[in-house]
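Summary of the model geometry
Residues per chain are reported as follows:
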Amino acid sequence: MDSDNEVEIIGESSSRLSSAGPTLCQLCDMNFDSENLSELQRRQHYETHFNSSSSKQPSSNTFRKSAIPKDLFKPRSFQLPLRKKPADDFWYPTLSRPPPDNCCPGLIPLLKHALKKSHTKGNTRRAVLCYESATYICVEAFDRRWGCGYRNFLMACAALMNQQIQNIYFALLDDPFPPGVRNLQRWIEAAWKEGYDREGAKDLGNLVDTNKWIGTGELYTAFTSRGVPSQLVDFDLSKNEKGIQVMIDWIVQYFSPPNPKQGTVTDVLRGASPVIATDKMPLVLQFNGHSQTIIGYEISKNGDTNLLVFDPSRPPRLSMRRAAIAGPSSVVWEQSRTNQVLQSVMHPTFNGRSSKLKRPSSSSDIQQHKRTKSSESDDDIIIVEDYDAPKNGQGSGASPGQTQPSTLDPSNVVNHFRLSTSKLQRKQNYQILYFPMTDPWTIEERNKRKVVMSISCC
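Residues numbered from 1 in each chain as written. Predicted model: local features only at pLDDT ≥ 70, side-chain atom pairs only at ≥ 80, totals over all residues. Heavy atoms only, no water.

Our focus in this paragraph is the nonpolar core. One finds Phe 223, Phe 235 and Phe 417 to be the most contacted residues of the largest nonpolar core, which totals 93 residues. Broken down by element, the residue count for this core peaks at 9 residues, all from helix α4 (residues 148-160). Once you skip the residues sitting within four places of it in the chain, Phe 235 turns out to touch Val 246, Met 247, Trp 250, Gln 428, Asn 429, Tyr 430, Ile 432, Cys 457 and Cys 458. (Core = buried A, V, L, I, M, F, W, Y, C linked by side-chain atoms within 4.5 Å. Buried < 20%, exposed > 50% of the residue type's maximum accessible area, 1.4 Å probe, protein only. Helix = DSSP H or I, 4+ residues; strand = E, 2+ residues; numbered from the N terminus. Contact = heavy atoms within 4.5 Å.)

Here it is in structure tokens:
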């Protein structure tokens, strides 16, 4: 035996055994005395313990099974604490339970209000956003270094399972098992076994319970295998003179609503608004080393187009998350606070006291300040009790009947989601996954798409 595996035998003489009590195995408490084991057999007994935990095969001079019966060996079992597996929890807006910490619904309405403030200030000319119920889903500790593709998939599923254009998508995505990080790995491997994306299956090999990165190609395979229509679009910026502008124009066209000339009065008014939300599903943008979910675009005061994204590796601040869950009406915008103070100075009340709006201190005050009609004026401070907000102070730390308005800077909110054109120009190749929202694919249509194909825009 190696020196590191040597074991000291306690009680080597019968005289000491009689005074010191029985001699026991230090590993399994076996009574050497009652078994009448010699010193050699004791050593062989200990060697058996060490050899059983070794990957090496026992040599010819180690303990032989015939020397001591098997039933004499009863190693002590230790209950080691099991490492808690990360929760593969998937959440979408129609669920009654509150969202987990890495999920944030309500950010599209919050961003919409912030963009309107930015427009009033002159920093934003126009902005168009995706489906308002889109949910921001970020990586967690266990998938922080490799989970972006999976989280973008979950954001797409959360929107697809909540939209009303194709209600049947919900059943397709929920059965035989719902979306999740580990579930998606099972999902993709199941598609491979059915003949989907043989090239990807060969490249990635085993995927379940690994930390392997996936991209839009694997997401396309997952959606196609369930019959949910999706399409890949490639952009090679080195092949055209316009560079990144080709992709920007494509994204703008995707999100922009149709020309309202032939629509209703509501359509015309909606099209005239500088900031609108549409029924378009988010896009998944893939480039070398990362992927993000595109939720819309913004045209800045100088005419540049910025993409608006949910980056799964960059969670929103806690104050922003609380405000999103509580609703935009729970927010005191910093710009609005200043305007209200100026208005109070310019238009004092008749009793000579300042007309600055104070925070309500009781439930009766809350009811008095509650607006009967929503206002989008940028000169208003809105401090109300949001009765549509989650109960028990979910996401805000407030107790029922109390109002704790969040104070946010609209510029900070917009900047968190803004992806400038200059950053996009650093890469040459991009791929976008989008959802045309057509009827589910039949089995025949799925079979035609088992090989991953994409449309080349440049």
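Having put the structure on the table, let's press on.
Further remarks concern the pairing of strand β4 (residues 231-236). As defined by bridge partners, β4 adjoins strand β12 (residues 429-434) across 6 bridges and the pair is classed as antiparallel. Bridge assignment links Phe 235 to a residue of β12, and that residue is Tyr 430. Examined bridge by bridge, β4 and strand β13 (residues 454-456) share 3 bridges and lie parallel to one another. Residue pairing for β13: Leu 232 is matched across the bridge by Ser 454. (Pairing = 2+ DSSP bridges.)

With that settled, the discussion passes to the confidence of the model for the protein. Averaged over all residues, the pLDDT of the protein equals 78, while 66% of them reach at least 70. Considering only residues more than four positions removed or in separate chains, one finds that residues 1-20, a stretch of pLDDT under 50, has 18 contacts. The low-confidence segment residues 349-403 (pLDDT under 50) makes 79 contacts with residues lying over four places distant or belonging to another chain. (pLDDT = per-residue confidence, 0-100.)

What follows is about the pairing of strand β7 (residues 290-300). Extensive coverage of β7 is indicated by the burial of 10 of its 11 residues. Pairing of strand β2 (residues 124-129) with β7, which is carried by 5 bridges, proceeds in the antiparallel orientation. By the bridge assignment for β7, Thr 124 is matched with Ser 300. The loop that links strand β6 (residues 283-287) with its antiparallel partner β7 comprises 2 residues; one of these, Gly 289, has a positive phi angle of about 95 degrees. Bridge count between β7 and strand β8 (residues 305-310): 6 bridges; the pairing is antiparallel. Within β8, the residue paired with Thr 293 across the bridge is Phe 310. As consecutive antiparallel partners, β7 and β8 are separated by 4 residues, and within that stretch Gly 303 has a phi angle of approximately 95 degrees, a positive value.

What follows deals with the environment of Thr 216. Assignment of secondary structure puts Thr 216 in helix α8 (residues 216-225). Apart from the residues lying within four places of it in its own chain, the contact partners of Thr 216 are Leu 232, Val 284, Gln 286, Gln 431 and Leu 433.

Looking now at the packing of aromatic side chains. By the definition in use, this model includes 17 aromatic pairs. For the pair Tyr 92 and Phe 170, a centre-to-centre distance of 5.5 Å together with 75 degrees between the ring planes defines the contact as edge-to-face. With Tyr 92 in the loop between α2 (39-52) and β1 (103-104) and Phe 170 in helix α5 (residues 169-174), this residue pair connects regions lying 78 residues apart in the sequence. On the accessibility criterion, Tyr 92 (11% relative accessible area) is buried. Looking at Arg 186, its charged tip hangs above the ring of Phe 177, at a distance of 4.1 Å from the centre. Positioned above the aromatic ring of Tyr 254 is the side chain of Lys 280, whose terminal nitrogen or guanidinium carbon lies 4.9 Å from the ring centre. (Phe/Tyr/Trp six-rings, centres within 6.5 Å; stacked < 30°, edge-to-face > 60°. Lys NZ or Arg CZ within 6 Å of the ring centre and 35° of its normal.)

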